[in-house]
Amino acid sequence: MRRVTLLACGGTIAGHADAVGHFRPTGHAAELLAGVRLPVGIEVTTTDALTVPSRAMSLANVLQLVERVEALAAGAQPPDGVVISQGTDTLEETA
């Protein structure tokens, strides 16, 4: 069994329009995963790491993500991989 952790950060991929039509990054990691058919042998753990519009992603937010990934990697049972979902505005900076 391969284990993957999904760290969701909000952004475009997790957004919804509110009652007046303004975009809000309100989605959760579990919602993102619900729309995905996983291959046999893959187990995904979801974590809502941040809920920010990607245009508001700061260096401090990115460093928080680095710390989370490092903590996962140093844990007693580290995942085989980590996926970070966020919007497109600052995707390349985070990568």
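Residues numbered from 1 in each chain as written. Predicted model: local features only at pLDDT ≥ 70, side-chain atom pairs only at ≥ 80, totals over all residues. Heavy atoms only, no water.

## Regarding the pairing of strand β1 (residues 2-10)
In step 1: Burial within β1 is extensive, with seven of its nine residues counted as buried.
In step 2: Strand direction decides the pairing type here: β1 and strand β5 (residues 81-85), joined by five bridges, are parallel. Looking at the pairing, Leu-7 lines up with Ile-84 of β5. (Buried < 20%, exposed > 50% of the residue type's maximum accessible area, 1.4 Å probe, protein only. Helix = DSSP H or I, 4+ residues; strand = E, 2+ residues; numbered from the N terminus. Pairing = 2+ DSSP bridges.)

## What to know about the confidence of the model for the protein
In step 1: Confidence in the prediction of the protein, expressed as mean pLDDT, is 88, and 98% of residues score 70 or more.
In step 2: Put simply, strand β3 (residues 23-24) is where the protein has its lowest mean pLDDT, 71, and helix α2 (residues 59-74) is where it has its highest, 95. (pLDDT = per-residue confidence, 0-100.)

## Regarding the UniProt feature "active site" (unreviewed entry) in the protein
In step 1: The sites that carry the UniProt feature "active site" (unreviewed entry) are, in the present numbering, Thr-12.
In step 2: Excluding anything up to four places from it in sequence, Thr-12 contacts Phe-23, Ser-54, Gly-87 and Thr-88. (UniProt positions renumbered as here; feature names shortened; annotations may be inferred. Contact = heavy atoms within 4.5 Å.)

## Side note on the nonpolar core
Side chains that are nonpolar tend, in soluble globular proteins, to be buried together.
In step 1: If you look at the biggest cluster of nonpolar residues, it comprises eight residues: Leu-7, Cys-9, Ala-49, Leu-50, Val-52, Met-57, Val-62 and Leu-65.
In step 2: At the level of elements, β1, β4 (42-52) and α2 are the ones that each hand at least two residues to this core.
In step 3: No other element matches β4, which puts three residues into this core.
In step 4: Those residues in contact with Ala-49 that lie beyond four places of it in its chain are Leu-7, Ala-8, Leu-65 and Arg-68. (Core = buried A, V, L, I, M, F, W, Y, C linked by side-chain atoms within 4.5 Å.)

## Structural notes on the sheet that holds β5
In step 1: Taken in spatial order, the three strands line up as β4-β1-β5 in an open sheet, and their pairing is parallel. Lying at the two open borders of the sheet, with one neighbouring strand each, are β4 and β5. Averaged over all neighbouring strand pairs, the angle between strand axes comes to 20°, with direction disregarded.
In step 2: Strands β1, β4 and β5 of the sheet are contacted by α2, whose axis makes an angle of about 155° with β4. (Axes fitted to C-alpha atoms, helices over the stretch in contact; angles between N-to-C directions.)

## What about the pattern of salt bridges?
In step 1: Enumeration according to the criterion identifies one salt bridge in this entry.
In step 2: Where Arg-2 meets Asp-80, a salt bridge forms, and the shortest distance between an N and an O atom there is 3.7 Å. Of this pair, Arg-2 sits in strand β1 while Asp-80 sits in the loop between α2 and β5, placing them 78 residues apart in sequence.
In step 3: Its relative accessible area of 52% is what places Arg-2 among the exposed residues.
In step 4: Judged by relative accessible area, which is 48%, Asp-80 ranks as partly exposed. (Salt bridge = Lys/Arg side-chain N within 4 Å of Asp/Glu carboxyl O.)

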